[in-house]
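Architecture at a glance
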Amino acid sequence: MVRVITGKAAELTRQCGRELAVAAVSARDRNKDRGIDFGNANWFDDPVEMAKSADIDVFVELIGGDEGAAHACVKAALEAGRHVVTANKALLAKHGVSLAEIAEKKGVLLNYEAAVAGGIPVIKTMREAMAGNSVTRVFGILNGTCNYILTRMEAEGLSFDACLEDAQRLGYAEADPTFDIEGHDTAHKLSILTSLAFGTKIAADDIYMEGISNISQADIRAAGELGYRIKLLGVAQKTESGIEQRVHPTMVPTASVIAQVHGVTNAVAIETDILGELLLSGPGAGGNATASAVVGDIADIAKSRPGFQHGPVFGRPARELRPYKKARMRSHEGGYFIRLTVHDRVGVFAAVAKRMADNEISLESIVQHAAGQEADAQKTVILVTHETTEAAVRKAVEGITKDGHLTDKPQVIRIERAG
Ligand code: HSE
């Protein structure tokens with residue numbers, strides 16, 4: 001970020017009509033060699049002091065974490081009437097509404113483009129370009145690490161662990177990579193998109209979440225054979241029973257646009273009444289993606305002029321963001337992929353089909369084939385359902401498990417409609 005501001009100084013000055021300079025810096029370790037020249041910037045041991053300093057116009061928070069120094073600094077900066085730019089999705093997921101209230105009261109900006117989908121300008125798009133649109137569903141590939149892992153597992157047949165190691169080495173993963181692979185990072189980003197889409201308060205804690213750590217090569221191969229690709233999606237959708245918010249591995253048709261989003265690239269699809277479906281895709285993680293979004297946010301502030309009334313942080317005034325009724329996961333409706341490893345004996349296929357019928361699940365296909373080396377003793381049964389409910393699928397799979405025909409844990413992956 002500092003390298004972009006100093007390296008592109010002349011162009012940024014031209015675009016903003018004023019000069020951007022790094023006025024002050026604070027970090028945990030003053031002596032660490034970061035390979036960056038901070039010029040004449042003042043050093044602060046205490047980031048909260050820096051946030052309140054009269055020498056700065058904009059406070060940029062790149063600390064991370066939903067409490068501690070990050071929260072203290074951002075709050076202090078806003079209360080002192082400084083604009084804030086942050087890349088911290090966890091902070092916004094937890095304190096976004098209260099911080100937005102302070103920003104709006106003080107008449108300053110709280111910009112957070114880098115917090116969701118890396119370099120993709122999805123916040124600006126939803127906050128500014130889509131006024132008047134009513135959103136019905138927003139979904140996307142919001143975690144570069146997971147998409148990188150799934151892409152390489154499919155393309156190169158590599159193990160999950162080898163791909164994760166590379167993602168960490170390349171700087172895509174969070175400090176604790178379970179945040180990526182178990183879906184927390186996607187959930188934080190989805191909670192922000194939900195608020196922008198539906199004018200609701202942010203509530204990341206109640207999002208249904210499944211990660212990608214139990215996706216196997218068997219799932220990836222079966223998906224390919226059936227014309228699907230597996231992606232970790234975050235989905236927020238208006239339904240008759242409330243707003244559905246879910247993060248889970250998802251089968252999307254191989255021919256869909258979102259299925260072509262590979263590697264660390266992110267994508268966000270927004271469906272509205274006026275626009276139809278919009279899909280944005282671009283670099284989702286890594287230093288350059290973050291730097292581009294952060295500098296864009298700083299430049300927006302630099303272009304604004306004193307006395308200019310800023311728009312609300314989450315598209316509607318923070319005090320008007322409403323609590324909302326969450327749809328329960330059991331009432332989710334959609335198609336399902338179910339992979340079962342079963343004993344190879346008479347009556348298993350019929351028993352599985354009966355459990356489906358008993359729960360009124362209509363099948364699009366049911367295929368049985370040998371399960372690799374233990375083909376003598378067990379078989380794989382793959383079912384694809386027509387649209388049904390999560391509750392029906394859970395009951396049917398519970399029943400199949402009770403029947404005693406399975407030799408391994410059943411795998412259930414939801415299918416998502418995607419254009
Ligand atoms: N760890 C995140 C990802 C970085 O993999 O997408 C950006 O939030």
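Some points on the pattern of salt bridges
One pass over the structure, following the stated rule, counts 29 salt bridges. The partner of D166 in a salt bridge is R169, with the nearest N and O atoms 3.2 Å apart. Taken as a pair, D166 and R169 lie in helix α8 (residues 160–169) at a separation of three residues, close to a single helical turn. The shortest N-O distance in the salt bridge between E390 and R414 comes to 2.8 Å. With E390 in helix α14 (residues 390–403) and R414 in strand β16 (residues 411–415), this pair connects stretches of sequence that are 24 residues apart. In this pair, the class of E390 matches that of R414, namely buried.

With respect to the site of the ligand
Close to the ligand lie K89, N143, G144, T145, Y172, A173, E174, D180, D185, K189, G284 and A285. In the environment of the ligand, an oxygen atom lies 3.4 Å from a nitrogen or oxygen atom belonging to the side chain of N143. Between the ligand and the protein, one listed contact pairs an oxygen atom with a side-chain N or O atom of K189 at 2.8 Å. A total of 260 Å² of accessible area belongs to the ligand in isolation, and the protein chains cover 91% of it. At the level of elements, α7 (144–156) and α10 (184–198) are the ones that each hand at least two residues to the shell around the ligand. Here the residues of the shell around the ligand are counted per class, giving three nonpolar, four polar and five charged.

What to know about the domain arrangement of the protein
Often the size quoted for an interface is simply the accessible area lost on bringing the parts together. Its domain assignment divides the protein into domain 1 (2–122 + 287–320), domain 2 (127–283) and domain 3 (331–415). On a C-alpha basis, the centres of domain 1 and domain 2 stand 26 Å from each other. Taken together, the contact pairs 24 residues of domain 1 with 25 residues of domain 2. Interface of domain 1 and domain 2: buried area, both sides summed, is about 1900 Å²; carbon and sulfur atoms make up 65% of it.

A look at the pairing of strand β3 (residues 58–61)
Here β3 shows one buried face, formed by F59 and E61, and one open face, formed by V58 and V60. Examined bridge by bridge, β3 and strand β4 (residues 83–86) share four bridges and lie parallel to one another. When the sheet's bridge partners are listed, F59 is paired in β4 with V84. For the crossover that starts at β3, traverses helix α4 (residues 68–79) and ends in the parallel β4, the hand is right-handed.

Details of the environment of F160
With respect to the element layout, F160 can be found in helix α8. For the pair F160 and I149, spaced eleven residues apart in the sequence, the C-alpha separation amounts to 6.6 Å. Once residues lying within four places of it in the same chain are set aside, the contact partners of F160 are I149, M153, I181, I212 and S213.

What to know about the packing of aromatic side chains
One pass over the structure, following the stated rule, counts two aromatic pairs. Plain terms: the ring middles of Y112 and F314 are 5.2 Å apart, the flat faces sit at 40 degrees to each other, and that makes the pair tilted. In this pair, Y112 sits in the loop between β5 (110–111) and α6 (122–129) while F314 sits in the loop between α12 (287–303) and β12 (333–343), placing the two residues 202 residues apart along the sequence. Judged on exposure class, the residue Y112 and its partner F314 are both buried.

Overview of the sheet that holds β5
In spatial order, the strands read β3-β4-β5; together these three strands make up an open sheet with parallel pairing. With one partner strand each, in any of the chains shown, β3 and β5 form the two edges of the open sheet. Here β4 pairs with β5 via two bridges, running parallel. Within β5, the position partnered with V84 by the bridge is L110. Sitting on the sheet, α4 is in contact with β3, β4 and β5, with an inclination near 165 degrees to β3.

Side note on the pairing of strand β11 (residues 276–283)
Across a regular strand the side chains alternate sides, sitting on one face of the sheet and then on the other. Bridging between strand β10 (residues 265–272) and β11 involves eight bridges; their strand directions are antiparallel. Across the sheet, I270 pairs through a bridge with L278, a residue of β11. Where β10 folds back onto β11 in an antiparallel hairpin, the turn is made up of three residues.

Rules used in this analysis
- Residues numbered from 1 in each chain as written.
- Predicted model: local features only at pLDDT ≥ 70, side-chain atom pairs only at ≥ 80, totals over all residues.
- Heavy atoms only, no water.
- Salt bridge = Lys/Arg side-chain N within 4 Å of Asp/Glu carboxyl O.
- Helix = DSSP H or I, 4+ residues; strand = E, 2+ residues; numbered from the N terminus.
- Buried < 20%, exposed > 50% of the residue type's maximum accessible area, 1.4 Å probe, protein only.
- Near = heavy atom within 4 Å.
- Polar contact = N/O pair within 3.5 Å; in protein donor to acceptor, adjacent residues only side chain to side chain.
- Areas by Shrake-Rupley, 256 points an atom, 1.4 Å probe, with all protein chains shown as cover.
- Nonpolar A, V, L, I, M, F, W, Y, C, P; charged D, E, K, R; others polar.
- Domains from an automatic or database assignment.
- Contact = heavy atoms within 4.5 Å.
- Buried area = accessible area lost by both parts, 1.4 Å probe.
- Pairing = 2+ DSSP bridges.
- Right-handed = clockwise from strand over helix to strand, strands pointing away.
- Phe/Tyr/Trp six-rings, centres within 6.5 Å; stacked < 30°, edge-to-face > 60°.
- Axes fitted to C-alpha atoms, helices over the stretch in contact; angles between N-to-C directions.

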